Amino acid sequence: MNPTRLALPREEAWGSLVSYLEARFPADAARLREQVAAGEVVDELGRPFALDSPYPAGGLAYLYRDVAPEARVPFEVEVLHRDDDLVVVDKPHFLAVTPRGAWVTETVLVRLRRALDLPALSPAHRLDRPTAGVLVLTTRPEVRGAYQELFARRAVEKVYEAVVTLPAGLELPTTVRSRIVKQHGVHQARTVPGEVNAITHVTLQRELPGGRALVGLRPETGRTHQLRVHLAGLGAPIVGDDLYPVEREVAPDDYSAPLQLLARSIAFDDPLTGERREFASRRTLDATGD
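Quick summary incoming for the structure in this document.

## Notes on the overall build of the protein chain
Phase 1 of the analysis: Scanning the protein chain for helices and strands turns up 5 helices and 13 strands.
Phase 2 of the analysis: Overall size of the protein chain, expressed as C-alpha extent along the three principal axes, is 70 × 45 × 40 Å.
Phase 3 of the analysis: Within the protein chain, buried positions represent 43% of all 290 residues.
Phase 4 of the analysis: Partitioning the contacts of the protein chain with sequence separation of at least 6, the portion at a separation of at least 24 is 61%.

So, in structure tokens, the structure goes:
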């Protein structure tokens, strides 16, 4: 895991860095003293602090927080491709990409850093915890920006598949254009009036039993929960969605009904070599019956 970066308030005065850390994290005070004594807390130049180091007002401190035990998420990450610059994986449902909230070690990033011995591994784009499929990661800081820029300027062709409840009268193919906003601390994103910032092309791949259908999705943009919001807005919510159109509570360890959304493929021109890169998931969505 990456270290925690602490920006030390300039306006505060403490006798020592340790005094500040103990006040900031009182439950971990004894452990923090051990880490400082062992030279495991460092400044922005990598120089270790000592127990008697004065408080560096306005400076930075880097430390590794101990992680609480986590129950294993019982699904595996499959590596589709690895070279000097990239690792491309087939992410399972229910596994978060990066440490956040209740999931720290049980994430794609921490698992792969350990398994592949790549401490600088970092995702080039986002994929929500409930979503499965193709995820691209970079192996080294010096190439990370070039690949992240591809996604930022929409130079990546992304294809998703979803199993939806198909409403009567919905005509496909269609293109959904809307403005989506996501407020911090609010689980659901929502559509609001204003300039369009989210575009999704939706096609019918085949109808399924029980009034369901497998649809193909080609997003031009990458707003948070965009595909889920757009499909729910069409009256065709994704099977297994616990947020849209109505939020419902599901236990974190309830793996019985995965969101039927799959990042099927990704394609782009490599920013370093110019080579065409194409990667496809080997997974299938349970609700298709395949």
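## Some thoughts on the packing of aromatic side chains
Phase 1 of the analysis: For the coordinates displayed, the defined rule picks out 7 aromatic pairs.
Phase 2 of the analysis: When the ring of phenylalanine 94 is compared with that of tyrosine 255, the centres are 5.0 Å apart and the planes differ by 70°; the resulting orientation is edge-to-face. Note that phenylalanine 94 is positioned in the loop between strand S4 (86–91) and helix H3 (108–116) and tyrosine 255 in the loop between helix H5 (226–233) and strand S12 (261–269), a separation of 161 residues in sequence.
Phase 3 of the analysis: When the centroid spacing of 6.4 Å and the interplanar angle of 75° are considered together, the rings of tyrosine 147 and phenylalanine 268 count as edge-to-face. In this pair, tyrosine 147 sits in helix H4 (residues 141–152) while phenylalanine 268 sits in strand S12, placing the two residues 121 residues apart along the sequence. Comparing tyrosine 147 with phenylalanine 268 shows no difference in burial state: the two are buried.
Phase 4 of the analysis: An aromatic cluster is built from Trp14, Tyr20 and Tyr55, whose rings are joined through pairwise contacts.

## A few points about the nonpolar core
Across soluble globular proteins, you tend to see nonpolar side chains buried next to one another.
Phase 1 of the analysis: Judged by nonpolar contacts, the single largest core of 31 residues is most densely connected at Val89, Leu112, Ala162, Val164, Leu217 and Leu261.
Phase 2 of the analysis: Looking at this core, the elements that each hand over two or more residues are S4, H3, strand S6 (132–138), strand S7 (157–165), strand S11 (212–219), H5 and S12.
Phase 3 of the analysis: Here this core gets 4 residues from one element, more than from any other, and that element is H3.
Phase 4 of the analysis: Among all residues touching alanine 162, those that are not within four sequence positions of it are Ala213, Leu214, Val215, Leu217, Leu231, Ile238, Gln260, Leu261 and Leu285.

## Notes on the environment of alanine 263
Phase 1 of the analysis: Mapped onto the fold, alanine 263 is located in strand S12.
Phase 2 of the analysis: In this structure, the C-alpha to C-alpha distance between alanine 263 and aspartate 90, residues 173 residues apart in sequence, is 8.8 Å.
Phase 3 of the analysis: Those residues within four positions of alanine 263 in sequence are excluded, and the remaining contacts are Leu127, Thr131, Ala132, Gly133, Val134, Val159, Tyr160 and Ser281.

## So, the side chain of arginine 111
Phase 1 of the analysis: As for its position among the elements, arginine 111 is in helix H3.
Phase 2 of the analysis: Filtering out sequence-adjacent residues up to four positions away, arginine 111 remains in contact with Arg72, Val73, Phe75, Glu76, Val77, Leu95, Thr105 and Glu106.

## A word on the pairing of strand S10 (residues 198–208)
Phase 1 of the analysis: As paired strands, strand S8 (residues 174–181) and S10 are joined by 5 bridges and run antiparallel to one another. Counted as the bridge partner of serine 178 is alanine 198 from S10.
Phase 2 of the analysis: Here S10 runs beside S11; their pairing, made up of 8 bridges, is antiparallel. Paired with histidine 201 across the bridge in S11 is arginine 218.
Phase 3 of the analysis: Hairpin connection from S10 to S11: 3 residues lie between these consecutive antiparallel strands, with glycine 210 at a positive phi of about 75°.

## Observations concerning the pairing of strand S13 (residues 276–280)
Phase 1 of the analysis: Of the two faces of S13, the one lined by Arg277 and Phe279 is fully buried and the one lined by Arg276, Glu278 and Ala280 carries no buried residue.
Phase 2 of the analysis: As paired strands, S12 and S13 are joined by 5 bridges and run antiparallel to one another. Across the sheet, aspartate 269 pairs through a bridge with arginine 276, a residue of S13.

## A look at the pattern of salt bridges
Phase 1 of the analysis: As enumerated under the stated definition, the model contains 18 salt bridges in all.
Phase 2 of the analysis: Here arginine 47 ties to aspartate 43 by a salt bridge, and the two come within 2.7 Å at their closest N and O atoms.

## Side note on the environment of leucine 172
Phase 1 of the analysis: Structurally, leucine 172 is set in the loop between S7 and S8.
Phase 2 of the analysis: When the C-alpha atoms of leucine 172 and threonine 203 are compared, they prove to be 5.6 Å apart, with 31 residues separating the residues in sequence.
Phase 3 of the analysis: If near-sequence neighbours (up to four positions away) are discounted, leucine 172 is found in contact with Leu166, Val202, Thr203, Leu204 and Val215.

## A closer look at unusual backbone geometry
Phase 1 of the analysis: Of the consecutive residues leucine 172 and proline 173, the connecting peptide bond is found in the cis state with omega at 10°.
Phase 2 of the analysis: Take proline 173: it is sitting in the loop between S7 and S8.
Phase 3 of the analysis: Residue proline 245 is reached from tyrosine 244 by a cis peptide bond, and omega for that bond is 0°.
Phase 4 of the analysis: Within the secondary structure, proline 245 is located in the loop between H5 and S12.

## Section: the side chain of threonine 221
Phase 1 of the analysis: By the secondary structure assignment, threonine 221 is in the loop between S11 and H5.
Phase 2 of the analysis: Judged by its relative accessible area of 5%, threonine 221 is buried.
Phase 3 of the analysis: One polar contact links the side chain of threonine 221 to the main-chain amide nitrogen of isoleucine 199, over a distance of 2.9 Å.
Phase 4 of the analysis: Filtering out sequence-adjacent residues up to four positions away, threonine 221 remains in contact with Arg154, Asn197, Ala198, Ile199 and Gln226.

What counts, and at which threshold
- Residues numbered from 1 in each chain as written.
- Predicted model: local features only at pLDDT ≥ 70, side-chain atom pairs only at ≥ 80, totals over all residues.
- Heavy atoms only, no water.
- Helix = DSSP H or I, 4+ residues; strand = E, 2+ residues; numbered from the N terminus.
- Buried < 20%, exposed > 50% of the residue type's maximum accessible area, 1.4 Å probe, protein only.
- Contact = heavy atoms within 4.5 Å.
- Phe/Tyr/Trp six-rings, centres within 6.5 Å; stacked < 30°, edge-to-face > 60°.
- Core = buried A, V, L, I, M, F, W, Y, C linked by side-chain atoms within 4.5 Å.
- Pairing = 2+ DSSP bridges.
- Salt bridge = Lys/Arg side-chain N within 4 Å of Asp/Glu carboxyl O.
- Polar contact = N/O pair within 3.5 Å; in protein donor to acceptor, adjacent residues only side chain to side chain.

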